[in-house]
Amino acid sequence: MMLDSDLIAALRNARHIAVLTGAGVSAESGVPTFRDALTGLWAKYDPMQLATPEAFARDPETVSRWYDERRLNALRRTPNPAHLALARWQRHMIERARTFTLITQNVDRLHQAAGSTDVIEVHGSLIDWRCTRTGRIIECRGPAFPQHPMPSGHGGVLRPNVVWFGEALPEDAASAAQHASGFCDVFISIGTSALVYPAAGFIHFAKSSGAVTVEINRDPTPATEIVDHSMLGLAGEIVPALVEAWEQA
Ligand code: BJW
(Lines give C-alpha, C1' and ligand atoms only; values in the text may rest on other atoms or scores of the structure.)
Protein backbone atom coordinates (compact mmCIF):
# COMPACT_ATOMS: atom_id res chain seq x y z
CA MET A 1 0.00 0.00 0.00
CA MET A 2 1.37 3.46 -0.98
CA LEU A 3 1.38 5.80 2.01
CA ASP A 4 1.88 9.54 1.80
CA SER A 5 5.44 10.41 2.91
CA ASP A 6 4.25 13.67 4.58
CA LEU A 7 1.86 11.63 6.69
CA ILE A 8 4.55 9.13 7.70
CA ALA A 9 6.84 12.04 8.67
CA ALA A 10 4.07 13.63 10.76
CA LEU A 11 3.43 10.31 12.52
CA ARG A 12 7.13 9.72 13.11
CA ASN A 13 7.52 13.16 14.73
CA ALA A 14 4.28 13.04 16.71
CA ARG A 15 4.67 13.00 20.47
CA HIS A 16 0.92 12.81 21.05
CA ILE A 17 -1.46 10.86 18.86
CA ALA A 18 -5.23 10.72 19.38
CA VAL A 19 -7.46 8.26 17.56
CA LEU A 20 -11.26 8.35 17.30
CA THR A 21 -12.88 5.09 16.26
CA GLY A 22 -16.39 4.23 15.12
CA ALA A 23 -18.38 1.18 14.13
CA GLY A 24 -16.42 0.67 10.88
CA VAL A 25 -13.44 -0.54 12.94
CA SER A 26 -15.48 -3.46 14.30
CA ALA A 27 -17.29 -4.26 11.03
CA GLU A 28 -14.59 -6.73 9.97
CA SER A 29 -15.03 -8.53 13.32
CA GLY A 30 -18.67 -9.19 12.44
CA VAL A 31 -20.21 -6.44 14.56
CA PRO A 32 -22.72 -4.62 12.33
CA THR A 33 -22.19 -0.86 12.12
CA PHE A 34 -24.78 1.27 13.89
CA ARG A 35 -26.64 2.01 10.70
CA ASP A 36 -26.46 -1.67 9.61
CA ALA A 37 -27.46 -3.10 12.99
CA LEU A 38 -31.05 -3.80 12.00
CA THR A 39 -31.21 -6.98 10.00
CA GLY A 40 -33.59 -9.94 9.94
CA LEU A 41 -36.48 -9.47 12.37
CA TRP A 42 -35.17 -6.01 13.25
CA ALA A 43 -35.23 -4.72 9.67
CA LYS A 44 -38.55 -2.96 10.21
CA TYR A 45 -37.07 -0.69 12.91
CA ASP A 46 -35.17 2.57 12.53
CA PRO A 47 -31.98 2.56 14.68
CA MET A 48 -32.38 6.29 15.31
CA GLN A 49 -35.75 5.46 16.91
CA LEU A 50 -34.49 2.59 19.08
CA ALA A 51 -31.44 4.40 20.49
CA THR A 52 -33.37 6.98 22.50
CA PRO A 53 -34.63 7.24 26.10
CA GLU A 54 -38.10 7.87 24.67
CA ALA A 55 -38.04 4.51 22.83
CA PHE A 56 -37.05 2.71 26.04
CA ALA A 57 -39.81 4.46 27.98
CA ARG A 58 -42.37 3.62 25.28
CA ASP A 59 -41.33 0.01 24.58
CA PRO A 60 -38.70 -1.25 27.05
CA GLU A 61 -39.18 -4.87 25.98
CA THR A 62 -38.22 -4.27 22.32
CA VAL A 63 -35.30 -1.97 23.13
CA SER A 64 -33.94 -4.34 25.81
CA ARG A 65 -34.22 -7.32 23.44
CA TRP A 66 -32.36 -5.44 20.65
CA TYR A 67 -29.50 -4.46 22.93
CA ASP A 68 -29.31 -7.92 24.52
CA GLU A 69 -28.94 -9.52 21.05
CA ARG A 70 -26.23 -7.00 20.18
CA ARG A 71 -24.51 -7.65 23.54
CA LEU A 72 -24.43 -11.41 22.85
CA ASN A 73 -23.11 -10.82 19.33
CA ALA A 74 -20.36 -8.50 20.63
CA LEU A 75 -19.31 -11.06 23.25
CA ARG A 76 -18.92 -13.73 20.55
CA ARG A 77 -16.71 -11.52 18.35
CA THR A 78 -12.94 -11.14 18.45
CA PRO A 79 -10.65 -8.20 17.61
CA ASN A 80 -9.60 -7.84 13.97
CA PRO A 81 -6.26 -6.60 12.56
CA ALA A 82 -7.30 -2.93 13.02
CA HIS A 83 -8.00 -3.37 16.76
CA LEU A 84 -4.77 -5.34 17.21
CA ALA A 85 -2.63 -2.83 15.31
CA LEU A 86 -4.03 0.07 17.38
CA ALA A 87 -3.24 -1.79 20.62
CA ARG A 88 0.32 -2.46 19.40
CA TRP A 89 0.74 1.16 18.33
CA GLN A 90 -0.32 2.41 21.76
CA ARG A 91 2.11 0.03 23.49
CA HIS A 92 5.01 1.15 21.30
CA MET A 93 4.19 4.85 21.73
CA ILE A 94 4.16 4.44 25.52
CA GLU A 95 7.51 2.60 25.35
CA ARG A 96 8.87 5.69 23.58
CA ALA A 97 7.49 7.99 26.31
CA ARG A 98 4.82 9.40 23.96
CA THR A 99 1.07 9.41 24.39
CA PHE A 100 -1.53 7.57 22.36
CA THR A 101 -5.13 8.23 23.34
CA LEU A 102 -7.83 5.96 21.99
CA ILE A 103 -11.29 7.52 21.96
CA THR A 104 -14.03 5.17 20.84
CA GLN A 105 -17.69 5.57 20.03
CA ASN A 106 -17.95 1.79 19.95
CA VAL A 107 -19.89 -0.01 22.64
CA ASP A 108 -18.53 -3.54 21.97
CA ARG A 109 -15.33 -3.51 24.12
CA LEU A 110 -13.25 -5.02 21.27
CA HIS A 111 -10.47 -2.44 21.69
CA GLN A 112 -9.97 -3.58 25.28
CA ALA A 113 -10.10 -7.23 24.15
CA ALA A 114 -7.26 -6.41 21.74
CA GLY A 115 -5.15 -5.00 24.59
CA SER A 116 -5.74 -1.25 24.28
CA THR A 117 -5.62 0.50 27.65
CA ASP A 118 -7.31 3.60 29.10
CA VAL A 119 -9.84 3.52 26.26
CA ILE A 120 -12.18 6.52 26.41
CA GLU A 121 -15.68 5.16 25.75
CA VAL A 122 -17.66 8.26 24.85
CA HIS A 123 -20.89 6.34 24.13
CA GLY A 124 -20.61 3.84 27.01
CA SER A 125 -20.74 0.08 26.50
CA LEU A 126 -23.49 -2.45 25.87
CA ILE A 127 -21.61 -5.00 27.98
CA ASP A 128 -22.51 -2.87 31.03
CA TRP A 129 -26.14 -2.40 32.09
CA ARG A 130 -27.47 0.13 34.57
CA CYS A 131 -30.29 0.02 37.12
CA THR A 132 -32.86 2.66 36.19
CA ARG A 133 -33.54 3.30 39.88
CA THR A 134 -30.13 3.31 41.59
CA GLY A 135 -27.79 3.98 38.66
CA ARG A 136 -25.69 0.97 39.72
CA ILE A 137 -23.72 -0.51 36.80
CA ILE A 138 -23.33 -4.27 36.29
CA GLU A 139 -21.03 -5.92 33.77
CA CYS A 140 -23.11 -8.54 31.94
CA ARG A 141 -21.08 -11.28 30.23
CA GLY A 142 -23.61 -14.07 30.82
CA PRO A 143 -26.25 -15.62 28.54
CA ALA A 144 -29.38 -13.89 27.20
CA PHE A 145 -31.51 -12.18 29.80
CA PRO A 146 -34.52 -14.36 30.75
CA GLN A 147 -36.79 -11.30 30.84
CA HIS A 148 -37.14 -8.02 28.92
CA PRO A 149 -36.70 -5.57 30.45
CA MET A 150 -34.64 -7.36 33.09
CA PRO A 151 -35.44 -6.49 36.73
CA SER A 152 -32.33 -5.04 38.37
CA GLY A 153 -33.03 -6.55 41.79
CA HIS A 154 -33.01 -3.02 43.23
CA GLY A 155 -36.49 -1.87 42.33
CA GLY A 156 -35.70 -0.80 38.76
CA VAL A 157 -34.97 -2.48 35.45
CA LEU A 158 -31.69 -2.80 33.57
CA ARG A 159 -30.96 -0.57 30.60
CA PRO A 160 -27.77 -0.74 28.53
CA ASN A 161 -25.13 1.68 29.83
CA VAL A 162 -24.85 3.38 26.44
CA VAL A 163 -25.43 7.00 25.50
CA TRP A 164 -28.68 7.43 23.59
CA PHE A 165 -29.58 10.37 21.36
CA GLY A 166 -30.51 13.33 23.52
CA GLU A 167 -28.46 12.09 26.48
CA ALA A 168 -25.26 13.74 27.65
CA LEU A 169 -21.93 11.94 27.20
CA PRO A 170 -20.28 10.79 30.46
CA GLU A 171 -18.60 13.94 31.71
CA ASP A 172 -15.16 12.43 32.42
CA ALA A 173 -15.03 10.67 29.03
CA ALA A 174 -16.16 13.79 27.15
CA SER A 175 -13.61 16.03 28.83
CA ALA A 176 -10.75 13.51 28.41
CA ALA A 177 -11.62 13.16 24.71
CA GLN A 178 -11.85 16.91 24.24
CA HIS A 179 -8.51 17.40 25.97
CA ALA A 180 -6.72 14.72 23.90
CA SER A 181 -8.17 16.14 20.66
CA GLY A 182 -6.94 19.62 21.45
CA PHE A 183 -3.53 18.48 22.69
CA CYS A 184 -2.46 15.92 20.05
CA ASP A 185 -0.04 16.45 17.17
CA VAL A 186 -1.90 13.97 14.96
CA PHE A 187 -5.60 13.09 15.14
CA ILE A 188 -6.86 10.01 13.28
CA SER A 189 -10.55 9.27 12.72
CA ILE A 190 -11.23 5.65 11.76
CA GLY A 191 -14.44 3.92 10.65
CA THR A 192 -16.93 6.57 11.67
CA SER A 193 -19.58 8.29 9.58
CA ALA A 194 -18.66 11.51 11.45
CA LEU A 195 -22.35 12.37 11.65
CA VAL A 196 -22.99 12.09 15.37
CA TYR A 197 -22.07 14.96 17.67
CA PRO A 198 -20.35 15.85 19.92
CA ALA A 199 -17.92 13.01 18.92
CA ALA A 200 -17.65 14.20 15.29
CA GLY A 201 -16.72 17.62 16.64
CA PHE A 202 -13.45 16.23 18.05
CA ILE A 203 -12.09 16.05 14.47
CA HIS A 204 -12.85 19.75 13.94
CA PHE A 205 -11.47 20.64 17.36
CA ALA A 206 -8.21 18.79 16.67
CA LYS A 207 -7.84 20.55 13.33
CA SER A 208 -8.52 24.00 14.73
CA SER A 209 -6.03 23.26 17.53
CA GLY A 210 -3.29 22.64 14.96
CA ALA A 211 -3.16 18.83 14.70
CA VAL A 212 -2.48 17.03 11.44
CA THR A 213 -5.79 15.27 10.77
CA VAL A 214 -6.30 11.89 9.10
CA GLU A 215 -9.40 9.94 8.16
CA ILE A 216 -9.51 6.23 7.37
CA ASN A 217 -12.95 5.13 6.19
CA ARG A 218 -14.59 2.85 3.64
CA ASP A 219 -16.75 5.70 2.30
CA PRO A 220 -16.38 9.48 2.18
CA THR A 221 -17.94 11.35 5.14
CA PRO A 222 -18.51 15.01 6.03
CA ALA A 223 -15.01 14.94 7.60
CA THR A 224 -13.31 13.88 4.35
CA GLU A 225 -13.33 17.44 3.04
CA ILE A 226 -11.68 18.93 6.09
CA VAL A 227 -8.96 16.42 6.99
CA ASP A 228 -5.35 16.75 5.79
CA HIS A 229 -5.13 13.09 4.74
CA SER A 230 -8.06 10.94 3.66
CA MET A 231 -7.52 7.22 3.15
CA LEU A 232 -10.49 5.43 1.62
CA GLY A 233 -10.62 1.69 2.31
CA LEU A 234 -11.00 -0.95 4.98
CA ALA A 235 -9.71 -0.27 8.47
CA GLY A 236 -8.48 -3.88 8.78
CA GLU A 237 -6.13 -3.29 5.85
CA ILE A 238 -5.11 0.37 6.19
CA VAL A 239 -4.52 0.59 9.95
CA PRO A 240 -1.99 -2.31 10.14
CA ALA A 241 -0.15 -0.89 7.09
CA LEU A 242 0.03 2.55 8.72
CA VAL A 243 1.33 1.13 12.01
CA GLU A 244 3.94 -0.91 10.14
CA ALA A 245 5.08 2.19 8.24
CA TRP A 246 5.36 4.10 11.55
CA GLU A 247 7.37 1.25 13.10
CA GLN A 248 9.78 1.23 10.15
CA ALA A 249 10.15 5.02 9.85
C1 BJW B 1 -15.76 1.15 7.46
C2 BJW B 1 -15.74 -0.22 7.41
C3 BJW B 1 -14.49 -0.80 7.40
C4 BJW B 1 -17.76 0.32 7.45
N5 BJW B 1 -13.41 -0.04 7.43
N6 BJW B 1 -14.66 1.90 7.48
C7 BJW B 1 -24.67 19.12 16.77
C8 BJW B 1 -25.14 19.16 15.48
C9 BJW B 1 -26.20 18.30 15.09
C10 BJW B 1 -26.80 17.45 16.01
C11 BJW B 1 -26.32 17.43 17.28
C12 BJW B 1 -25.28 18.24 17.65
N13 BJW B 1 -25.01 18.01 18.95
C14 BJW B 1 -25.84 17.05 19.41
C15 BJW B 1 -26.66 16.69 18.41
C16 BJW B 1 -27.74 15.66 18.52
C17 BJW B 1 -27.27 14.26 18.43
C18 BJW B 1 -26.67 14.06 17.05
O19 BJW B 1 -25.47 14.07 16.83
N20 BJW B 1 -27.50 13.81 16.06
C21 BJW B 1 -27.04 13.56 14.70
C22 BJW B 1 -27.68 12.30 14.17
C23 BJW B 1 -27.33 14.76 13.86
N24 BJW B 1 -26.29 13.94 19.47
C25 BJW B 1 -26.68 13.55 20.67
O26 BJW B 1 -27.85 13.41 20.98
C27 BJW B 1 -25.60 13.28 21.70
N28 BJW B 1 -25.95 13.89 22.94
C29 BJW B 1 -25.85 15.21 23.12
O30 BJW B 1 -25.39 15.96 22.31
O31 BJW B 1 -26.33 15.61 24.33
C32 BJW B 1 -26.43 17.00 24.64
C33 BJW B 1 -26.87 17.07 26.06
C34 BJW B 1 -26.13 17.85 26.94
C35 BJW B 1 -26.54 17.92 28.28
C36 BJW B 1 -27.65 17.23 28.73
C37 BJW B 1 -28.38 16.45 27.85
C38 BJW B 1 -27.97 16.38 26.50
C39 BJW B 1 -25.54 11.78 22.04
C40 BJW B 1 -25.12 10.94 20.90
C41 BJW B 1 -25.17 9.46 21.31
C42 BJW B 1 -24.97 8.55 20.13
N43 BJW B 1 -25.28 7.23 20.54
C44 BJW B 1 -25.19 6.16 19.57
C45 BJW B 1 -25.91 4.91 20.13
C46 BJW B 1 -25.06 4.18 21.15
C47 BJW B 1 -25.67 2.89 21.53
C48 BJW B 1 -25.86 1.96 20.36
O49 BJW B 1 -24.88 1.57 19.70
O50 BJW B 1 -27.02 1.61 20.08
O51 BJW B 1 -23.82 5.88 19.29
S52 BJW B 1 -25.86 6.59 17.97
C53 BJW B 1 -24.66 5.73 17.02
O54 BJW B 1 -23.90 6.66 16.25
C55 BJW B 1 -23.70 5.10 18.04
C56 BJW B 1 -22.37 5.34 17.40
O57 BJW B 1 -21.34 5.31 18.37
C58 BJW B 1 -22.55 6.68 16.75
C59 BJW B 1 -21.62 6.94 15.62
O60 BJW B 1 -21.78 5.99 14.61
P61 BJW B 1 -20.51 5.45 13.85
O62 BJW B 1 -19.63 4.74 14.78
O63 BJW B 1 -19.93 6.54 13.07
O64 BJW B 1 -21.18 4.32 12.92
P65 BJW B 1 -21.94 4.48 11.54
O66 BJW B 1 -22.70 3.21 11.36
O67 BJW B 1 -22.68 5.73 11.44
O68 BJW B 1 -20.76 4.59 10.45
C69 BJW B 1 -19.84 3.55 10.23
C70 BJW B 1 -18.83 4.08 9.20
O71 BJW B 1 -17.85 3.08 9.03
C72 BJW B 1 -19.42 4.37 7.81
O73 BJW B 1 -18.97 5.65 7.38
C74 BJW B 1 -18.84 3.28 6.92
O75 BJW B 1 -18.51 3.76 5.63
C76 BJW B 1 -17.58 2.93 7.65
N77 BJW B 1 -17.15 1.54 7.51
N78 BJW B 1 -17.09 -0.66 7.38
C79 BJW B 1 -13.58 1.34 7.47
N80 BJW B 1 -14.39 -2.14 7.32
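Residues numbered from 1 in each chain as written. Predicted model: local features only at pLDDT ≥ 70, side-chain atom pairs only at ≥ 80, totals over all residues. Heavy atoms only, no water.

Undergrad: Honestly, the packing of aromatic side chains in this entry has me stumped. Any pointers?
TA: Each aromatic ring pair is summarised here by two numbers: the centre-to-centre distance and the angle between the ring planes. Scanning the model with the defined rule gives seven aromatic pairs in all. Here Tyr 67 and Trp 164 contribute two aromatic rings whose centre-to-centre distance is 6.0 Å and whose plane-to-plane angle is 55 degrees, an arrangement assigned as tilted. With Tyr 67 in helix α5 (residues 60-76) and Trp 164 in the loop between β6 (158-162) and α8 (171-183), the pair connects residues that are 97 residues apart, well separated along the chain. By relative accessible area, which is 3% here, Tyr 67 ends up buried. Plain terms: the ring middles of Trp 129 and Phe 145 are 4.8 Å apart, the flat faces sit at 90 degrees to each other, and that makes the pair edge-to-face. Taken together, the residues span a long stretch of sequence, with Trp 129 in strand β4 (residues 124-131) and Phe 145 in the loop between β5 (137-139) and β6 at a distance of 16 residues. A residue is classified by how much of its surface remains accessible, and Trp 129, at 0% relative accessible area, is buried. Look at Phe 145 and you get buried, because its relative accessible area is 11%. Here the aromatic residues Phe 56, Trp 66, Tyr 67 and Trp 164 are joined through ring pairs into a cluster of three or more. A cation over a ring is seen here: Arg 71 above Phe 145, with NZ or CZ 4.6 Å from the ring centre. (Phe/Tyr/Trp six-rings, centres within 6.5 Å; stacked < 30°, edge-to-face > 60°. Helix = DSSP H or I, 4+ residues; strand = E, 2+ residues; numbered from the N terminus. Buried < 20%, exposed > 50% of the residue type's maximum accessible area, 1.4 Å probe, protein only. Lys NZ or Arg CZ within 6 Å of the ring centre and 35° of its normal.)

Undergrad: Please clarify how the site of the ligand should be interpreted in this entry.
TA: Contacts to the ligand come from 34 residues, most closely from Arg 35, Tyr 67, Thr 192, Ser 193 and Asp 219. Contact distances for the ligand include 2.4 Å between an oxygen atom and a side-chain N or O atom of Arg 35. In this structure, Thr 192 approaches the ligand through a side-chain N or O atom, which is 2.7 Å from an oxygen atom. With the chains in place, 74% of the 1,500 Å² that the ligand exposes on its own is no longer accessible. Elements with a contribution of two residues or more to the shell around the ligand: α2 (24-27) and α5. For the shell around the ligand, a count of residues per class yields 17 nonpolar, 11 polar and six charged. (Near = heavy atom within 4 Å. Polar contact = N/O pair within 3.5 Å; in protein donor to acceptor, adjacent residues only side chain to side chain. Areas by Shrake-Rupley, 256 points an atom, 1.4 Å probe, with all protein chains shown as cover. Nonpolar A, V, L, I, M, F, W, Y, C, P; charged D, E, K, R; others polar.)

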